[in-house]
Amino acid sequence: MDCSTARDLLPLYFDGELDRAASREFETHLDTCADCRAALIQLDALRRDLRSGAPRLEAPAALRERIRSEIPRPVTARPRNPHQRWFALAASCALAFVAGGALVPLWHAQGGDSGEQTARDLFASHWRALAATSPVDVVSTDRHTVKPWFAGKVAQAPLVQDFAEQGFALVGGRIDYVGSARVPVLVYRHGQHLIDVFVLPQASGPARRSATQQQGYSLDTITLGGQPAAIVSDMDASELARFIQLLGSTK
């Protein structure tokens, strides 16, 4: 793929409108083209500026009450369409592939090209969740609710703990994809930071304690309850170390 074709596809990729094959081809071009990576970063920065600068107005209480009174009863809630989450692919893909060059040393030891793609998938999944309406499929601070929710949805339900007293509150969980594998993701919040803990298939092998960081976001591999796992967040090193220590203390 040349730069001319890539520039035509860039807005489609940014909005998550390319199919998987076209996305992979575009990502391969990004790995070797600094100009296209810079264009993607600029597009993401523009969206952030527009969002941060947009006025946020709150509807008057009287208007909210009038709208509520006109809603037919009963209202049957429709299940959320999981495909809608792909509309928020933009930021996730931008960071994942800007960070691609820095991820190579970490993941080469874990399987070469497949390891690099795994890293990309993890970053993309985290950013997709950040941009989505909700980063979780099951909202609960109760580990006894979150762990059973995974049963039957993934091969093995992950170890779930809440660390709200230590400042790392369990938000809930979701199912995401790393490559073609469905994996459970535990979601925590620390201040303004959202933390994703991806519990990977045993076939990934034992997770070696290693990490990489790019543009303020980190990917750190650990072992959680005997399973390989990866943490993706934008916490600083000291906060991340505290969180990893808490995860390591769970039984």
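Here the structure is a predicted model, which is why all the values come from computation and not from measurement.

1. A word on the pairing of strand β7 (residues 227–233)
Regular strands show a simple pattern: their side chains alternate between the two faces of the sheet.
Okay, step 1: Within β7, 7 of the 7 residues are buried, which leaves it mostly tucked inside the rest of the structure.
Okay, step 2: Two strands pair when backbone bridges link them, and strand β4 (residues 193–199) and β7 are joined in this way by 4 bridges, in the antiparallel orientation. Paired with V199 across the bridge in β7 is A229.
Okay, step 3: Bridging between strand β6 (residues 217–224) and β7 involves 7 bridges; their strand directions are antiparallel. Across the sheet, L224 pairs through a bridge with Q227, a residue of β7.

2. Description of the pairing of β4
Okay, step 1: The buried count for β4 comes to 6 of 7 residues, which makes it a mostly enclosed element.
Okay, step 2: By the bridge criterion, 6 bridges tie strand β3 (residues 181–190) to β4 in an arrangement that is antiparallel. Bridging across to β4, V185 finds its partner in F198.
Okay, step 3: Counting the residues in the hairpin turn of β3 and β4 gives 2 residues, including G191, whose phi is positive at 60°.

3. Some remarks on the nonpolar core
Okay, step 1: With 24 residues, the main nonpolar core has Y188, V197, I231, F243 and L247 as its most contacted residues.
Okay, step 2: Elements that contribute at least two residues to this core include exactly α8 (143–150), β2 (169–178), β3, β4, β6, β7 and α9 (237–248).
Okay, step 3: Top contributing element to this core by residue count: α9, with 5 residues.
Okay, step 4: Every residue in contact with F243, bar those within four places of it in the chain, is listed here: F163, F168, Y188, I195, V197, I231 and M235.
Okay, step 5: Counting 17 residues, the second-largest nonpolar core is a separate cluster that includes F198, L200, L219 and V232.

4. Observations regarding helix α1 (residues 3–14)
Okay, step 1: The end-to-end C-alpha distance of α1 is 16 Å, a good match for the 16 Å that 12 residues give at a rise of 1.5 Å each.
Okay, step 2: For α1, every residue scored as buried is listed here: A6, L9, L10, Y13 and F14. Looking straight down α1, one finds its buried side chains confined to an arc of 140°; they lie on one side. Exposed residues on α1 whose side chains face more than 90 degrees from its buried face are S4 and D8.

Quick notes on the rules
Residues numbered from 1 in each chain as written. Predicted model: local features only at pLDDT ≥ 70, side-chain atom pairs only at ≥ 80, totals over all residues. Heavy atoms only, no water. Buried < 20%, exposed > 50% of the residue type's maximum accessible area, 1.4 Å probe, protein only. Helix = DSSP H or I, 4+ residues; strand = E, 2+ residues; numbered from the N terminus. Pairing = 2+ DSSP bridges. Core = buried A, V, L, I, M, F, W, Y, C linked by side-chain atoms within 4.5 Å. Contact = heavy atoms within 4.5 Å. Expected span 1.5 Å × (residues − 1). Arc of directions from axis to C-beta.

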